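If you want the building blocks of each chain, they are given just below.
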Amino acid sequence: MQPDYRRIVILTGAGISAESGLGTFRDKDGLWTKYDLRDVATPEGFARNPTLVHDFYNARRRNLLDAEPNAAHFALAELEQAWMARGRKITGADHDFLLVTQNVDDLHERAGSERLLHMHGELLKIRCENCGSIRECRTDIDIASVCPACELPGYLRPHVVWFGEMPFYMDRIQQALEACDLFISIGTSGNVYPAAGFVAEARRGKAHTVELNLEPSEGRSLFREAHEGPASEVVPLYASRLLAGEYTQMW
């Protein structure tokens with residue numbers, strides 16, 4: 001008997017954007033082999049050397065503006081649209097669908113995803129530590145940049161979550177994990193918390209758990225189902241079979 005999934009939570013990590021030319025963090029050529037995360041991804045590092053941190057994120061921002069969504073991003077956007085439409089047709093109400101990304105890029109949005117939470121912030125936004133305003137940013141910033149809201153220099157920082165800071169939207173994510181009946185993790189290393197613990201949360205709610213990854217993550221044993229390969233290949237295939245009602249029978 002095929003399962004009747006109604007509430008999907010999908011987690012994506014750096015692996016889904018790697019084929020778009022964006023650097024991953026923890027593989028053998030990842031960003032953390034080239035930079036010390038304590039220098040560029042902590043509040044303390046920013047306090048010590050804000051110029052270094054701004055230079056790091058300026059380069060990443062420029063890289064992102066040159067990147068394009070790949071087939072995996074488009075497949076998830078199409079899955080969302082088809083899943084919600086199916087729910088309205090069958091039950092007269094939306095099925096639940098939530099895409100949670102650890103990525104700070106905007107490739108999911110550019111592909112068409114709408115039910116999306118950026119738990120680690122967004123690279124194309126800046127935040128003022130003086131007035132708290134958050135604004136879109138597509139240019140370089142530095143320690144002399146002036147906040148558009150309070151008009152004071154020296155307080156702008158990337159709107160991203162650094163190590164030691166609390167990820168965004170955790171209450172909403174927790175509620176979705178507790179209620180979902182299908183949890184899919186895509187392109188994640190499985191060793192960064194709290195996201196690495198999402199599969200255990202979903203399992204406690206009896207959800208079916210699936211990992212789609214280039215290689216097994218550190219949390220592979222927690223998933224009931226796993227498929228390996230480039231995201232641009234395995235994600236569209238899994239999404240199409242999910243929509244066709246084939247689920248795991250054809251794998």
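What counts as what
Residue positions within a chain follow its written sequence, with the count starting from 1. Per-residue local features of the predicted model are confined to residues with pLDDT of at least 70, and side-chain atom pairs are confined, for both listing and counting, to 80 or more; whole-chain, interface and lining totals are unaffected and use all residues. Side-chain measures here rest on the full set of heavy atoms in the structure, leaving out hydrogens and waters. Only when DSSP finds a minimum of two bridges between them are two strands counted as paired. Only DSSP runs of H or I with at least four residues qualify as helices, and only runs of E with at least two residues qualify as strands; both kinds are numbered from the N terminus onward. To get an axis, fit a line to the C-alpha atoms, keeping to the stretch in contact for a helix; angles then go from 0 to 180 degrees between the N-to-C directions. Each residue's exposure class comes from its accessible area (1.4 Å probe, protein chains only) as a fraction of the maximum for that residue type: buried when under 20%, exposed when over 50%, partly exposed otherwise. Working definition: the arc comes from the directions between the helix axis and the C-beta atoms, pointing outward to the latter. The contact criterion used is simple: two residues touch if any of their non-hydrogen atoms lie within 4.5 Å. Geometry of aromatic contacts follows a simple scheme: Phe, Tyr and Trp rings, the Trp one being its six-membered ring, pair when their centres are within 6.5 Å, and the pair is stacked under 30 degrees between planes, edge-to-face over 60, tilted otherwise. Two conditions define a charge sitting above a ring: the NZ of Lys or the CZ of Arg must be within 6 Å of the ring centre, and it must be within 35 degrees of the ring normal. Joining through side-chain atoms within 4.5 Å is the link that ties buried Ala, Val, Leu, Ile, Met, Phe, Trp, Tyr and Cys residues into a set, and such a set is a nonpolar core.

Participant: Any details on the sheet that holds strand 6 (residues 156-160)? Residues and values, ideally.
Facilitator: Read from one edge of the open sheet, 3 strands run 5-4-6, paired in antiparallel fashion. Looking at strand neighbours, the two that pair on one side only are strand 5 (134-136) and strand 6, the edges of this open sheet. Put simply, the sheet's adjacent strands are angled 45° from each other on average, direction ignored. Where strand 4 (residues 121-128) lies against strand 6, 4 bridges are found, and the strand directions are antiparallel.

Participant: I'd like a rundown of helix 6 (residues 170-179), residues and numbers included.
Facilitator: Along helix 6, the residues that are buried comprise Met170, Ile173, Ala176 and Leu177. On an axial view of helix 6, the arc spanned by its buried residues comes to 125°, and they lie on one face. Among the exposed residues of helix 6, those pointing more than 90 degrees away from its buried face are Asp171, Gln175 and Glu178. On the buried face of helix 6, the contacting elements are strand 1 (7-12), strand 2 (96-101), strand 3 (116-118), strand 7 (182-186) and helix 7 (198-204).

Participant: Which residues make up the sheet that holds strand 8 (residues 208-213), and what are the values?
Facilitator: A sheet is described by the order of its strands in space; here 6 strands give the open sequence 3-2-1-7-8-9, paired in parallel fashion. In this open sheet, the two strands that pair with only one neighbour each are strand 3 and strand 9 (225-228). Taken pair by pair, the neighbouring strands of this sheet meet at an average axis angle of 15°, ignoring direction. Looking at chain direction, strand 7 and strand 8 are connected through 5 bridges and run parallel. By the bridge assignment, Leu182 is partnered in strand 8 with His208. The sheet strands contacting helix 6 are strand 1, strand 2, strand 3 and strand 7, and the helix crosses strand 1 at an angle near 125°.

Participant: How would you sum up the packing of aromatic side chains? Please name residues and give values.
Facilitator: By convention here, two paired aromatic rings are described through the distance between centres and the angle between planes. All told, the structure shown has 5 aromatic pairs when counted by the stated rule. A ring pair is formed by Phe56 and Tyr57, whose centres lie 4.9 Å apart and whose planes are at 90°; its orientation type is edge-to-face. On the numbers, 6.2 Å between centres and 70° between planes, the contact of Phe168 with Tyr169 is edge-to-face. Note on Tyr169: relative accessible area 37%, which makes it partly exposed. The structure contains a cluster of three or more aromatic residues connected by ring pairs, namely Phe46, Phe56, Tyr57 and Trp162. A cation over an aromatic ring shows up here: Arg157 above the ring of Trp162, its NZ or CZ 3.8 Å from the ring centre.

Participant: An account of the nonpolar core is requested, with residue identities and associated values reported.
Facilitator: Formed by 24 residues in total, the largest nonpolar core has its most connected members in Ile10 and Val235. Those residues in contact with Val235, other than ones at most four positions away along the chain, are Ala72, Ala75, Leu76, Ile186 and Leu212. Of all hydrophobic cores here, the second largest spans 18 residues; its members include Leu98, Ile173, Ala176 and Cys180.

Participant: Residue-level account of unusual backbone geometry, with values.
Facilitator: Phi is mostly negative for residues that are not glycine, and the peptide bonds are mostly trans. In the segment running from Tyr193 into Pro194, the intervening peptide bond is cis, with an omega of 15°. Phi angles above zero are rare outside glycine, and Glu151 is one such case at about 65°. By secondary structure assignment, the location of Glu151 is in the loop between strand 5 and strand 6. Given the relative accessible area of 61%, Glu151 is considered exposed. Phi angles above zero are rare outside glycine, and Tyr169 is one such case at about 65°. Within the secondary structure, Tyr169 sits in the loop between strand 6 and helix 6.

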